[in-house]
Amino acid sequence: MCIRDSLSIFYGVNVVCYDYTGYGISPHKPSQKNLEDDVEVVLSFIVEHLNYKIEDVIIWGFSLGSYASTHIASKYQNVRGLVLLSPLASIQAWVNTKSPWQNFECQNSLKKDAFNNLKLISKVESKVVLIHGTQDDVVPFRHSSLLFKKYMAKKENKFQMVMI
């Protein structure tokens, strides 16, 4: 059983999943702009065609997908919540922490510090749940710690953090 089905059955909720442009079966090239556009289309579909209120939508993002989720939650302040599983602080922060990549000559998109959740997280008004394993060797736990500190800089924010 996939995570979508498990969440749907266990919590009694509806789950919408999608592939980003350039991933899965999409023939197009991936980009940060395409990722942002994709999540906008999905949210629009949920609200306009499935007739859910944006206030009832919880956004979930995993790894690189945490950027799309943080982007949409920072733009639409009235989403119910944001759940990030093993989120990146940013691509540049990830490159800097991954030993095989430490000497990597960043391409143009990386020089701009692409997929920068650190810039967006302080704009998120909804509650946030971070789930991140302390032994994660793909996206180090430090990324969630950085996001936690940035989000909590706004004292009125309510935060839940799960460390595994």
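Residues numbered from 1 in each chain as written. Predicted model: local features only at pLDDT ≥ 70, side-chain atom pairs only at ≥ 80, totals over all residues. Heavy atoms only, no water.

Engineer: Whenever I open this one, the nonpolar core confuses me. Can you help?
Structural biologist: Note that soluble globular proteins tend to have their nonpolar side chains buried in a common cluster. One finds Leu-35, Ile-59, Leu-82, Phe-115, Ile-121 and Val-124 to be the most contacted residues of the largest nonpolar core, which totals 30 residues. Elements with a contribution of two residues or more to this core: helix H2 (32–48), helix H3 (65–75), strand S2 (81–85), helix H4 (91–97), helix H6 (117–121), strand S3 (127–132) and helix H7 (142–152). Considering each element in turn, this core owes the most residues, five residues, to H2. With sequence-adjacent residues up to four places away left out, Phe-115 is seen in contact with Ser-31, Gln-32, Leu-35, Leu-64, Tyr-67, Ala-89, Ser-90 and Ile-91. (Core = buried A, V, L, I, M, F, W, Y, C linked by side-chain atoms within 4.5 Å. Buried < 20%, exposed > 50% of the residue type's maximum accessible area, 1.4 Å probe, protein only. Helix = DSSP H or I, 4+ residues; strand = E, 2+ residues; numbered from the N terminus. Contact = heavy atoms within 4.5 Å.)

Engineer: Got a minute to help me understand a nonpolar patch on the surface in this structure?
Structural biologist: A cluster of nonpolar side chains, contributed by Val-16, Phe-45, Leu-50 and Tyr-52, occupies part of the molecular surface with about 320 Å² of accessible area. Given a relative accessible area of 34%, Tyr-52 falls into the partly exposed group. (Patch = residues over 30% accessible without salt bridge, like charges linked within 9 Å, V, L, I, M, F, W, Y side chains within 5 Å. Areas by Shrake-Rupley, 256 points an atom, 1.4 Å probe, with all protein chains shown as cover. Salt bridge = Lys/Arg side-chain N within 4 Å of Asp/Glu carboxyl O.)

Engineer: Can you walk me through the side chain of Asn-116 in this structure?
Structural biologist: Summarising the element assignment, Asn-116 is placed in the loop between helix H5 (108–111) and H6. Within the structure, Asn-116 has its side chain in polar contact with the backbone nitrogen of Lys-119 (distance 3.1 Å). Once you skip the residues sitting within four places of it in the chain, Asn-116 turns out to touch Tyr-67, Ala-89 and Ser-90. (Polar contact = N/O pair within 3.5 Å; in protein donor to acceptor, adjacent residues only side chain to side chain.)

Engineer: What is the right way to look at the pattern of salt bridges in this model?
Structural biologist: Working definition: two side chains of opposite charge can pair if their charged atoms are close together. Applying the stated criterion across every chain, the model contains three salt bridges. Of the charged contacts in the structure, one is a salt bridge between Asp-37 and Lys-33, with a shortest N-O distance of 2.8 Å. Residue Asp-37 and its partner Lys-33 are both found in helix H2; the two are separated by four residues, about one turn of the helix. Residue classification places Asp-37 among the partly exposed positions, given a relative accessible area of 31%.

Engineer: I keep staring at the pairing of S2 and nothing clicks. Help me out?
Structural biologist: Look at any regular strand and the pattern is simple: side chains alternate between the two faces of the sheet. Burial within S2 is extensive, with four of its five residues counted as buried. What joins strand S1 (residues 58–62) to S2 is H3, and the crossover it makes is right-handed. (Right-handed = clockwise from strand over helix to strand, strands pointing away.)

Engineer: Explain the packing of aromatic side chains to me, please; I cannot follow it from the model alone.
Structural biologist: Any aromatic ring pair is given by two values, namely how distant the centres are and how the planes are angled relative to each other. Counted according to the given criterion, the structure contains three aromatic pairs. Between Tyr-20 and Tyr-23, the ring centres sit 6.1 Å apart and the planes meet at 80 degrees, which makes this aromatic pair edge-to-face. Overall, the relative accessible area of 18% leaves Tyr-20 in the buried class. Ring geometry for Tyr-67 and Phe-115: centres 5.4 Å apart, planes at 90 degrees, overall edge-to-face. Of this pair, Tyr-67 sits in helix H3 while Phe-115 sits in the loop between H5 and H6; the two residues are 48 residues apart in sequence, bridging distant segments of the chain. Feature note: the residues Tyr-18, Tyr-20 and Tyr-23 constitute an aromatic cluster, connected by ring pairs. (Phe/Tyr/Trp six-rings, centres within 6.5 Å; stacked < 30°, edge-to-face > 60°.)

Engineer: Before we go on, may I ask you to explain the packing of H2 against H3 in this structure?
Structural biologist: Packed helix pairs are characterised by how far apart their axes lie and by the angle those axes make with each other. With their axes 9 Å apart at the nearest point, H2 and H3 run at an angle of 60 degrees to one another. With respect to each other, H2 and H3 are oriented oblique. The hand of the H2/H3 crossing is right-handed. Residues Gln-32, Leu-35, Glu-36, Val-39, Glu-40 and Leu-43 of H2 form the contact with H3, whose participating residues are Tyr-67, Ala-68, His-71, Ile-72 and Lys-75. Of the residues belonging to the contact of H2 with H3, the class tally is six nonpolar, two polar and three charged. (Axes fitted to C-alpha atoms, helices over the stretch in contact; angles between N-to-C directions. Parallel < 35°, antiparallel > 145°, perpendicular 65-115°, else oblique. Left-handed = near helix turned anticlockwise from the far one by under 90°. Nonpolar A, V, L, I, M, F, W, Y, C, P; charged D, E, K, R; others polar.)

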